[in-house]
Amino acid sequence: ISPAADPVLKGAKVFRSEQLYTCMNLSFPFPCVLVCDRVTGEEEIPENCLAVLTRDSPDMLSHIAVRARNEKVLLATCHDESEFESIKVKEAVPIEDLEAMGGDAGEGKWFALETTASGSVTYKRVDPPKEGEGKGQHAATSKRNLKISSPKWVGKYAVGMDEFVSDVVGAKSKNLAGLRDKIPDWINLPSSLTIPFGTFEHVLDDCGENAEISKEIAKLTRKNVVDRDPERCLEEAKQLAMGVYIPDEMWGALVEGMGSSGIEWTLNTSKDGTEEREQIAQAVKSVWASKFNLRAYYSLNKARLNFMDVRMAVLIQKVVNPEYA
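Bear in mind that the values here come from a model prediction, so they are computed numbers and not experimental data.

Quick notes on the rules
- Residues numbered from 1 in each chain as written.
- Predicted model: local features only at pLDDT ≥ 70, side-chain atom pairs only at ≥ 80, totals over all residues.
- Heavy atoms only, no water.
- Pairing = 2+ DSSP bridges.
- Helix = DSSP H or I, 4+ residues; strand = E, 2+ residues; numbered from the N terminus.
- Contact = heavy atoms within 4.5 Å.
- Axes fitted to C-alpha atoms, helices over the stretch in contact; angles between N-to-C directions.
- pLDDT = per-residue confidence, 0-100.
- Buried < 20%, exposed > 50% of the residue type's maximum accessible area, 1.4 Å probe, protein only.
- Parallel < 35°, antiparallel > 145°, perpendicular 65-115°, else oblique.
- Left-handed = near helix turned anticlockwise from the far one by under 90°.
- Nonpolar A, V, L, I, M, F, W, Y, C, P; charged D, E, K, R; others polar.
- Salt bridge = Lys/Arg side-chain N within 4 Å of Asp/Glu carboxyl O.
- Right-handed = clockwise from strand over helix to strand, strands pointing away.
- Phe/Tyr/Trp six-rings, centres within 6.5 Å; stacked < 30°, edge-to-face > 60°.

A. Spatial organisation of the sheet that holds strand 2 (residues 13–19). Strand order in the open sheet made by the 5 strands is 5-4-3-2-6, with parallel pairing throughout. Strands with a single pairing partner mark the edges of an open sheet, and in this sheet they are strand 5 (74–77) and strand 6 (93–94). Sheet topology note: the strand 2/strand 6 ladder contains 2 bridges and is parallel. Paired with Phe 15 across the strands is Val 93, a residue of strand 6. Across the sheet, helix 2 (residues 81–91) touches strand 2, strand 3 (27–38), strand 4 (47–54) and strand 6, and the angle it forms with strand 3 is around 140 degrees.

B. Quick peek at the confidence of the model for the protein. Across the protein, the average pLDDT comes to 90, with 93% of residues at or above 70. Counting contacts from residues 136–143, a segment whose pLDDT is below 50, to residues more than four positions away or on other chains yields 22 contacts.

C. A look at the environment of Glu 83. When you line up the elements, Glu 83 lands in helix 2. Filtering out sequence-adjacent residues up to four positions away, Glu 83 remains in contact with Cys 78 and Tyr 123.

D. A look at helix 2. Residues Phe 84, Ser 86, Ile 87 and Lys 88 constitute the buried set of helix 2. Structurally, helix 2 contributes buried residues whose contacts are with strand 2, strand 3, strand 4 and strand 8 (121–126).

E. The packing of helix 8 (residues 230–241) against helix 11 (residues 294–302), seen in detail. One way to put it is that helix 8 packs onto helix 11 with a least axis distance of 10 Å and a crossing angle of 125 degrees. Here helix 11 runs oblique to helix 8, going by the angle between their axes. Crossing geometry of helix 8 relative to helix 11 is assigned as right-handed. Every residue of helix 11 that contacts helix 8 at Pro 230, Glu 231 and Leu 234 is listed here: Leu 294, Tyr 297 and Tyr 298. Looking at side-chain class alone, the contact of helix 8 with helix 11 contains 5 nonpolar, no polar and 1 charged residues.

F. Seen up close, the pattern of salt bridges. Across all of its chains, the model carries 21 salt bridges by this definition. Note that Lys 302 is salt-bridged to Glu 44, the shortest N-O span being 3.9 Å. Residue Lys 302 is located in helix 11, and its partner Glu 44 is located in the loop between strand 3 and strand 4; the two are separated by 258 residues in the primary sequence. Lys 302 sits in the buried class, given a relative accessible area of 7%. Across the pair Lys 109 and Asp 127 runs a salt bridge, and its minimum N-O distance is 2.6 Å. One end of the pair, Lys 109, is in the loop between helix 3 (98–101) and strand 7 (110–115); the other, Asp 127, is in the loop between strand 8 and helix 4 (171–178), with 18 residues separating them in the sequence. Within this structure, Glu 44, Arg 67, Glu 71 and Lys 302 form a network of salt bridges that share partners.

G. Local environment of the packing of helix 6 (residues 211–220) against helix 8. Where helix 6 contacts helix 8, the axes come no closer than 9 Å and their chain directions differ by 165 degrees. In terms of orientation, helix 6 lies roughly antiparallel with respect to helix 8. For the pair helix 6 and helix 8, the sense of crossing is left-handed. Facing Ile 213, Glu 216, Ile 217 and Leu 220 of helix 6, the residues of helix 8 in contact are Arg 232, Cys 233, Glu 236, Ala 237, Leu 240 and Ala 241. Taken together, the residues that form the contact of helix 6 with helix 8 break down as 7 nonpolar, no polar and 3 charged.

H. Broad picture of the pairing of strand 5. As judged from the 4 bridges shared by strand 4 and strand 5, these two strands associate in the parallel manner. Each bridged residue has a counterpart across the sheet, and for Leu 53 the counterpart in strand 5 is Ala 76. Crossover handedness for the path strand 4 to helix 1 (residues 63–71) to strand 5: right-handed.

I. The arrangement of the packing of aromatic side chains in detail. Under the defined criterion, the tally for this structure stands at 8 aromatic pairs. On the basis of an interplanar angle of 75 degrees and a centroid distance of 6.5 Å, the ring pair of Phe 200 and Phe 292 is categorised as edge-to-face. Of this pair, Phe 200 sits in helix 5 (residues 199–206) while Phe 292 sits in the loop between helix 10 (271–289) and helix 11; the two residues are 92 residues apart in sequence, bridging distant segments of the chain. With respect to burial, Phe 200 and Phe 292 carry one shared label: buried. Seen from their ring centres, Tyr 297 and Phe 307 are 5.3 Å apart, and the 85 degrees between their planes marks the pair as edge-to-face.

J. Molecular detail of the sheet that holds strand 1 (residues 8–11). Taken together, 3 strands build an open sheet; the order of strands is 1-7-8 and the sheet is antiparallel. Where the open sheet ends on each side, the last strands, each with one partner, are strand 1 and strand 8. The sheet shows a mean angle of 20 degrees between the axes of neighbouring strands, direction not considered. Packing of helix 2 onto the sheet brings it into contact with strand 7 and strand 8, and relative to strand 8 it is tilted by some 20 degrees.

This is the structure in structure tokens:
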């Protein structure tokens, strides 16, 4: 599914876990191999993991497959059940043993995986590398030193295609705008409007109705709090984000922006209009709330980045009933 950077990989330990999901938050203190029965495709790869071996067959375009290829991590499916069980029983130790190791892989042979051009994988035990060689075989095992800057809110609740530019909207919106002069007249682009980066943070921090929600989210997302129980904290933050109050000024900007962008959606005070307004609010807030995503948290944490620096833009488009898709 994903080849490694080198034809031969050497890990100090082999760990086994029933599900990759339950250990994707780990940071291994030495290069290792993971053997997992269940890999759904939605997981992150733990730090310092050289290879993931599984009986599952995640899609080639799944999140983990793309991530593994980008990080040059071996991701391979074992179709021989008896061979897979042999690796689990004879070569691997339970993932629960990691904590007791205290960062020390101990003595003993290392585990080597070798891949061939045909895609087959063989394994054997080898002597540990000598001091200073072979202990950090690819970029995914090294400490990251990445930096990102959070886009500032541009002071508008909605922008049309003429303002689909960097640091205001996301890549999908920018790519749409970039197509305008590159496709023939008989191909139409979908009517589009975007709620720009930073709008959620502005509504959260500068709207009095959201003061309590803002305070609670800040408590849950403090590093010393969220790191202790990320799944619970992020889920609670996500639920709080779904309760954010959207100010009337933003609704006015959306109505005006939809009209000028060719999106026929009337938000009025009638019963039907109220229902539509609630549907829009839930859709917008679900995008905002996706900032508190567990997988994204682990991914950014692994890259030494603060997940609270992430900003979400919301692309709004007119739904087209296709004749053919």
